[in-house]
Structure formats: C-alpha cells, structure tokens
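# Report on the structure
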Amino acid sequence: MNAEEPLDAQPTAFPPAPAGLTLNGQQRALLEVLGEMDQRLGEMYLGALAVLQQSFNGERFSQASHTLRIMIDRLPVSLELKLEALDDRMGDRLQKPQQAWDKALKESSCFDGGNWSGSIDPPLARALTVIQEFFVWKKESRPRRLEELTQILRRLDASGKRLPAILERLAVEQLTAMRDYFVGVCHYRVSVDEAEFFAYLDAFERFVIDRQHPRTFADFDVIDAIVEEAARDD
C-alpha cells in the first residue's frame, strides 16, 4: 500500500472463500493482504482456518497453531528480510551439549555412575565447554530475536512511519506473545480455552491488517453484510 493512499481505502475485490469454508469480513481482508504479500502465506492461513472449522477434529487447535506459528516465522521471507536469530531453534542448539554430556557420562573418570569427583578430565572439560557455549548463545539469542522481530514490524508497516520507541516495543511484545501462545498450543504446553484461542487468532489477524491495510470496524461490518447477503442468495 502506498503511504499516500487513504487509510480506509477499499479493495476492488476479496478472494472467494473455498467451497465449504466460511470466512468473515476480517478473514477475507487478511486473506487479501496475505495474498499481496506472499501467496504461500494465504494458502497457509486458509489451511489453518479449514482445520479450525473441523469440529470433529480434536487436534484442530494444535494443528492450526503449528501453521500460524510457521506463518509468523515465514514473515521475514515474505517481507524479503534476511534474518538468522528467528531461524535458530532451541532444539537444534541443544543437540550438541546433550551429545557432549552423554559422552562425558560414559567416558569421564570423574563420574562413577552416581557422583562426580576428582579433577576435570578431557571428556568432562569438552562437555562443560559445549554447555557454556550453549548458555552464551541462549543469553544473546533473545535480544537478537527481539531486534529481528522489530525489523519485521517495521517492514510490515506499509505506512513507512516509525512508531515511538515505547510503542514499538509494545508491538514487538504483542507479536512475540502471539507467537509464543501458538507455539505453546502446538506443543501441548498450553491448555486450550476455545474463547482465548480465537481471541489470539483475532488479535493476530488485526495485527497484520492494521499494518498493511488499516480498516475501520465499519468496513468489516460492510464486508460481513456482503458475505451474509451472498450466502442468502446461494
């Protein structure tokens, strides 16, 4: 969207909803936005919505959350940003210290199967070095991730205007909280409350729309009315 366009500029058309899938006005608006950014994002979003509408599917929240988290992680690619910290996975980083520690348990003369004692020998020294490197990475990772999320936020904002620092931090925290929630749900670390889940989904939809194509509540009411009228005609 050009910075000179009015904030309430209306799209010429909304993508049709696939057969059997119900979309409200906000969801159609987001689908349009995502299609302009990256067609793959739009496909992923439709997939998440389709799963959520499978009332028989007891795994629908976890499955949809996985897709929504991947959508957020794909934003740098869609926005043509080359970022590294967000692609750095804790699980991948843990493999090396885990392997070094397991090797120390087997090979270190300092360990008798139940207790550690004596001087640090080479197997234990190697394990401690790798573990230290992991914690250094962990300490430095969060600031780097926050900086990259800030870059995503700035590129996502079609107005090109920089938010005041405190508001920018709040927006980054909001995006982080949404991603963390979806990660928690897809890994079964969060007990799902249906109303809360859809509140997070609504917040994510508005977050993206407000930065790419801001619209008013009245706009969504009009879209919903058009959708309902089309459904009655069918």
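As shown above, the structure is provided for reference.
Remember, it's a predicted structure, so these values are computed and weren't measured experimentally. (Residues numbered from 1 in each chain as written. Predicted model: local features only at pLDDT ≥ 70, side-chain atom pairs only at ≥ 80, totals over all residues. Heavy atoms only, no water.)

## Points about the side chain of Asn57
Positionally, Asn57 belongs in the loop between helix 2 (39-52) and helix 3 (60-78). The class for Asn57 is buried, based on a relative accessible area of 12%. In this structure the side chain of Asn57 is engaged in a polar contact, spanning 2.8 Å, whose partner is the backbone nitrogen of Glu59. The residues contacting Asn57, other than those within four sequence positions of it, are Val51 and Gln63. (Helix = DSSP H or I, 4+ residues; strand = E, 2+ residues; numbered from the N terminus. Buried < 20%, exposed > 50% of the residue type's maximum accessible area, 1.4 Å probe, protein only. Polar contact = N/O pair within 3.5 Å; in protein donor to acceptor, adjacent residues only side chain to side chain. Contact = heavy atoms within 4.5 Å.)

## A word on the nonpolar core
By size, the foremost hydrophobic cluster in this structure holds 40 residues, and its most contacted members are Leu34, Met37, Leu68, Met71, Phe182, Phe197 and Phe204. For this core, the elements supplying multiple residues, two or more each, are helix 1 (25-37), helix 2, helix 3, helix 5 (122-156), helix 6 (165-186) and helix 7 (194-212). (Core = buried A, V, L, I, M, F, W, Y, C linked by side-chain atoms within 4.5 Å.)

## Concerning helix 3
Over its 19 residues, helix 3 runs 26 Å from end to end, which matches the ideal 27 Å to within 8%, given 1.5 Å per residue. At Ile72, helix 3 is bent by approximately 30 degrees, the largest bend along its length, and proline Pro76 sits one to four residues beyond. One or two positions beyond helix 3, positive phi appears at Glu80, with a value near 60 degrees. (Expected span 1.5 Å × (residues − 1). Bend = angle between axes of the 7 residues up to and from the residue.)

## Topic: the environment of Asp112
Tracing the chain through its elements places Asp112 in the loop between helix 4 (90-107) and helix 5. A polar atom in the side chain of Asp112 sits 2.7 Å from the backbone nitrogen of Asn115.

## Considering the pattern of salt bridges
As enumerated under the stated definition, the model contains six salt bridges in all. Close ionic contact of Arg74 with Asp38 constitutes a salt bridge, the shortest N to O distance being 2.8 Å. With a gap of 36 residues between them, Arg74 in helix 3 and Asp38 in the loop between helix 1 and helix 2 connect regions that are remote in the sequence. Each member of the salt-bridge network shares a partner with another, and the members are Arg69, Asp73 and Arg179. (Salt bridge = Lys/Arg side-chain N within 4 Å of Asp/Glu carboxyl O.)

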